[in-house]
Amino acid sequence: MAIERVAVLGSGSWGTAFAKVIADSGPEVVLWARRQEVASEVTETRVNSGYLPGISLPANLTATSDPAKALDGADAVVLAVPSQTLRVNLSAWKELLPPDATLVSLSKGVELGTLKRMSEVIREVAGVDESQVAVVSGPNLAKEIAVEQPTATVIACTDHDRAVDLQHACSNSYFRPYTNTDVVGCELGGACKNVIALACGMAAGMGYGDNTMASIITRGLAETARLGAALGADPLTFAGLAGLGDLVATCASPLSRNRSFGERLGRGDTLAQAQEAAHGQVAEGVKSCSSIRELANAHGVDMPITEGVHQVCHDGLSVRDLGAALLGRDRKHERQ
Ligand SMILES: NC(=O)c1ccc[n+]([C@@H]2O[C@H](COP(=O)([O-])OP(=O)(O)OC[C@H]3O[C@@H](n4cnc5c(N)ncnc54)[C@H](O)[C@@H]3O)[C@@H](O)[C@H]2O)c1
Ligand SMILES: O=P(O)(O)OC[C@H](O)CO
């Protein structure tokens, strides 16, 4: 089914940038903003100055703070709110969802408490089959995409035809989506890389260089793939855009909120100071390190970097002691 009208719910950095991607690809887009002043600014000036200052949004993108108006007649509903608020947000919107619309998750996290991936939360709250839920994940730093720097991504959906429809709705001269049916692998790649980026940031904050970064990235990928194997993901997904691609972009980029957050901790900031410096923008890994750790423990999967990041963020471990703990672990074979 051709996608002609899209609702994007959440007008932060990625919600706004992805709304622009879709509008630049053809469909009409209505962006929902929590705050009326953001919706008015986007509609009247075509700018979301709080999240994407200086970016001019296209004419086929309008905004509203009324979810009913955003969702009316939508062929696809894109969910662009933080992982830990998705359940509450979607519950409020549930009755307004057009019955056959594709529900698309942009959020990269694992829910605290339930340990569910975002597509699982969506299926549960909306009461839809998994074939109706898609995930967008890849090396997609919002600020680069907003200025139309070329990138690729993955649209994961168990229903290949639905993924292809969405692929058509968000393909343009700077954005190239690939399809994949491995929803589990794509979501785990997106959630886990935020935690690994926190660790890379911590190392950078301590003054360590590229050998350390490459070691954390590679061993971070190894532990992500171990979790994926336990949860039924396709191992090849982790070598793709939603695995290695997103991991490298996030761990290396000063634009990443997760890496920047970790860097502050590595320089000696407290969690509260790093949170304050984030100016309300979400660094998903700070919460997902705990849910991913719990998920790994429940499946008997060893994730030492994730465990260490959790201990730094929530158990008072110092970044220096995290480094020592990781280096001091039992020696082992690379494939273990
Ligand atoms: N920014 C990126 O480059 C990027 C890229 C890919 C994926 N993501 C993922 O997309 C998701 C959204 O990230 P973002 O970058 O847009 O975040 P952001 O911090 O820029 O914006 C979050 C948005 O959610 C809204 N929000 C916050 N709390 C809310 C609540 N309780 N109810 C409703 N809305 C609430 C905020 O008002 C804001 O509009 C995250 O899971 C993130 O990991 C971000
Ligand atoms: O800014 P971050 O750390 O949330 O990362 C942004 C994106 O997920 C990169 O793909």
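Residues numbered from 1 in each chain as written. Chains lettered and ligands numbered in written order. Predicted model: local features only at pLDDT ≥ 70, side-chain atom pairs only at ≥ 80, totals over all residues. Heavy atoms only, no water.

Going by an unreviewed UniProt entry, the protein carries the name Glycerol-3-phosphate dehydrogenase [NAD(P)+] and comes from Lentzea flaviverrucosa. On record in UniProt, under Sequence similarities (unreviewed entry), the comment for the protein is "Belongs to the NAD-dependent glycerol-3-phosphate dehydrogenase family." Here the protein is described in UniProt, under the heading Pathway (unreviewed entry), as follows: "Membrane lipid metabolism; glycerophospholipid metabolism." (UniProt positions renumbered as here; feature names shortened; annotations may be inferred.)

A. Layout of the overall build of the protein. In terms of helices and strands, the protein carries 15 helices and 8 strands. Against the globule reference of 20 Å for 336 residues, the protein gives a C-alpha radius of gyration of 19 Å, in line with a compact fold. Along the longest, intermediate and shortest principal axes, the C-alpha atoms of the protein span 55 × 40 × 35 Å. Buried positions account for 54% of the 336 residues belonging to the protein. A separation of at least 24 residues holds for 71% of the contacts in the protein among residues at least 6 apart in sequence. Taking the average place of the 29 positive charges on the side chains of the protein and the average place of its 38 negative ones, the gap between the two points comes to 5 Å. (Helix = DSSP H or I, 4+ residues; strand = E, 2+ residues; numbered from the N terminus. Rg over C-alpha atoms; globule rule 2.2 N^0.38 Å. Buried < 20%, exposed > 50% of the residue type's maximum accessible area, 1.4 Å probe, protein only. Contact = heavy atoms within 4.5 Å. Lys, Arg positive; Asp, Glu negative; His and termini not counted. Charge placed at Lys NZ, Arg CZ, Asp CG, Glu CD.)

B. Fine view of the domain arrangement of the protein. Domain boundaries assigned for the protein yield domain 1 (5-181) and domain 2 (192-327). For domain 1 versus domain 2, the distance between C-alpha centres works out to 25 Å. Each partner contributes residues to the interface: domain 1 has 23 residues there, and domain 2 has 22 residues. Across the domain 1 to domain 2 interface the summed buried area is about 1700 Å²; carbon plus sulfur atoms make up 66%. In terms of surface lost to domain 2, no three residues of domain 1 exceed Lys108, Leu115 and Leu141, which account for 31% of the buried area on that side. For the pair domain 1 and domain 2, the interface holds 1 salt bridge. Here Asp246 ties to Lys108 by a salt bridge, and the two come within 2.8 Å at their closest N and O atoms. Here domain 1 is connected to domain 2 by 6 residue pairs in polar contact (both at pLDDT 80 or more). (Domains from an automatic or database assignment. Buried area = accessible area lost by both parts, 1.4 Å probe. Salt bridge = Lys/Arg side-chain N within 4 Å of Asp/Glu carboxyl O. Polar contact = N/O pair within 3.5 Å; in protein donor to acceptor, adjacent residues only side chain to side chain.)

C. The packing of aromatic side chains, seen in detail. Under the counting rule described, the total for this entry stands at 4 aromatic pairs. Seen from their ring centres, Trp14 and Phe175 are 6.5 Å apart, and the 50° between their planes marks the pair as tilted. Here Phe175 lies in strand E8 (residues 175-180) and Trp14 lies in helix H1 (residues 13-25), a separation of 161 residues in the sequence. Per residue, the accessibility class of Trp14 equals that of Phe175, and both read buried. A network of ring pairs unites the aromatic residues Trp14, Phe18 and Phe175 as a single cluster. (Phe/Tyr/Trp six-rings, centres within 6.5 Å; stacked < 30°, edge-to-face > 60°.)

D. Representation of the sheet that holds strand E6 (residues 133-137). Here 8 strands make up an open sheet; going across it, the order is E3-E2-E1-E4-E5-E6-E7-E8 and the pairing mixed. Bordering the open sheet on either side are strand E3 (61-64) and E8, each of which pairs with just one other strand. Recorded for the sheet is a direction-independent mean angle of 25° between the axes of neighbouring strands. With 5 bridges joining them, strand E1 (residues 5-9) and strand E2 (residues 28-32) adopt parallel strand pairing. Among the inter-strand pairings, Val6 is bridged to a residue of E2, identified as Val29. Sheet contacts for helix H10 (residues 241-252): E6, strand E7 (151-156) and E8; angle to E7, the most-contacted strand, approximately 140°. (Pairing = 2+ DSSP bridges. Axes fitted to C-alpha atoms, helices over the stretch in contact; angles between N-to-C directions.)

E. View of the site of ligand 1. Around ligand 1, 23 residues are found, and the nearest of them are Ser13, Asn89, Ala142, Arg257 and Glu284. Residue Gly12 places a main-chain N or O atom 3.0 Å away from an oxygen atom belonging to ligand 1. In this structure, an oxygen atom belonging to ligand 1 sits 3.4 Å away from a main-chain N or O atom of Leu106. For ligand 1, whose accessible area on its own is 830 Å², the fraction buried by protein is 88%. (Near = heavy atom within 4 Å. Areas by Shrake-Rupley, 256 points an atom, 1.4 Å probe, with all protein chains shown as cover.)

F. Just helix H8 (residues 183-205), in detail. Taking 1.5 Å of rise per residue, 23 residues should cover 33 Å, and H8 covers 33 Å from first to last C-alpha, within 8% of that figure. Counting buried residues along H8, 23 of its 23 residues qualify, which places the element largely inside the surrounding structure. Phi turns positive, to about 95°, at Gly207, one or two residues after H8. (Expected span 1.5 Å × (residues − 1).)

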